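Read off the chains here:
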Amino acid sequence: MMVHVSQTPPVGFRPLPVLNETGFDAIIGGFDVAEADGRLLAGFRVEARHCNHARTCHGGMIATVFDGYMAMAAMFEHDLQVPILPTMSLSVDFLAPGLPDDWIEFSADVLRVTRSAVFVQGLARVKGKPIARASGVYKRPAPDPESRLDTGKLLRSFMRS
């Protein structure tokens, strides 16, 4: 059974550029981002490719977006000047299903930034109601003066362009 899906994101959201057109993000479709009050938000419209056999959004898709988004939110909001924050720990609690054509919107709170780790929690909502919550710990690499890639700076520039 094919499911018709409207792929239009809400006003203010735009697609995050996919850097690897043949990688995992290209297969799942990535997600959209927006800025609100200096914070990075994320979201995606549930498509048939995101659904499991029960025709609800697969938890793996929600966890994948949480993982990438929460690290990006920390880099965006805290000017961490690193290319990436590798995941040390990710925990996701599923509260309700996401259904085809739902817009799932993600928000994050950066709880603490230390010299070696970043602690973030997030919520995923559909129509304002929580459907999942997450907690992540990310490794904060030592600054590399040779690296020119600053993901937080790139995100801030992208959001303001």
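Labelled according to an unreviewed UniProt entry, the protein chain appears under the name PaaI family thioesterase, originating from Gluconacetobacter dulcium. You can read under Sequence similarities (unreviewed entry) in the UniProt record for the protein chain the words "Belongs to the thioesterase PaaI family."

## Here's the deal with the pairing of strand 3 (residues 39–45)
Buried residues dominate strand 3, accounting for six of its seven residues. Pairing analysis gives five bridges linking strand 2 (residues 32–36) to strand 3, with the strands arranged antiparallel. Paired with Ala-34 across the two strands is Leu-41, which belongs to strand 3. Hairpin connection from strand 2 to strand 3: two residues lie between these consecutive antiparallel strands, with Asp-37 at a positive phi of about 55°.

## Concerning the side chain of His-50
Its place among the elements puts His-50 in the loop between strand 3 and helix 2 (59–78). Once residues within four sequence positions are removed from consideration, His-50 is found in contact with Ile-28, Phe-44, Arg-45, Thr-56, Cys-57, His-58 and Met-61.

## Thoughts on the sheet that holds strand 1 (residues 14–15)
Ordered in space as 1-2-3-5-6-7-4, the seven strands form an open sheet in which the pairing is antiparallel. At either margin of the open sheet sits one strand with a lone partner, and together these are strand 1 and strand 4 (87–94). Looking at chain direction, strand 6 (residues 117–126) and strand 7 (residues 129–139) are connected through 10 bridges and run antiparallel. Note that in strand 7 the partner of Ala-117 across the bridge is Lys-139.

## Section: the nonpolar core
Counting 45 residues, the largest nonpolar core has Tyr-69, Ile-104 and Phe-106 as the members making the most contacts within it. Where this core is concerned, the elements lending two or more residues are strand 2, strand 3, helix 2, strand 5 (103–113), strand 6, strand 7 and helix 3 (151–160). Looking at this core element by element, the count peaks at 13 residues for helix 2. Once residues lying within four places of it in the same chain are set aside, the contact partners of Tyr-69 are Phe-31, Leu-40, Leu-41, Ala-42, Phe-106, Ser-107 and Ala-108.

## Observations regarding the side chain of Thr-151
Within the secondary structure, Thr-151 is located in helix 3. At 2.4 Å, the side chain of Thr-151 and the backbone oxygen of Pro-83 are in polar contact.

## Considerations on the pattern of salt bridges
Applying the stated criterion to the full structure yields five salt bridges. Among the salt bridges present, the one from Arg-39 reaches Asp-109, with a minimum N-O distance of 2.8 Å. You can see Arg-39 sitting in strand 3 and its partner Asp-109 sitting in strand 5, a full 70 residues away along the chain. Among the residues examined, Asp-109 registers a relative accessible area of 36% and is labelled partly exposed. With a shortest N-O distance of 2.9 Å, Asp-93 and Arg-133 are connected by a salt bridge. On the criterion of sequence distance, the pair formed by Asp-93 in strand 4 and Arg-133 in strand 7 is long-range, its members being 40 residues apart.

Rules behind the numbers
- Residues numbered from 1 in each chain as written.
- Predicted model: local features only at pLDDT ≥ 70, side-chain atom pairs only at ≥ 80, totals over all residues.
- Heavy atoms only, no water.
- UniProt positions renumbered as here; feature names shortened; annotations may be inferred.
- Buried < 20%, exposed > 50% of the residue type's maximum accessible area, 1.4 Å probe, protein only.
- Helix = DSSP H or I, 4+ residues; strand = E, 2+ residues; numbered from the N terminus.
- Pairing = 2+ DSSP bridges.
- Contact = heavy atoms within 4.5 Å.
- Core = buried A, V, L, I, M, F, W, Y, C linked by side-chain atoms within 4.5 Å.
- Polar contact = N/O pair within 3.5 Å; in protein donor to acceptor, adjacent residues only side chain to side chain.
- Salt bridge = Lys/Arg side-chain N within 4 Å of Asp/Glu carboxyl O.

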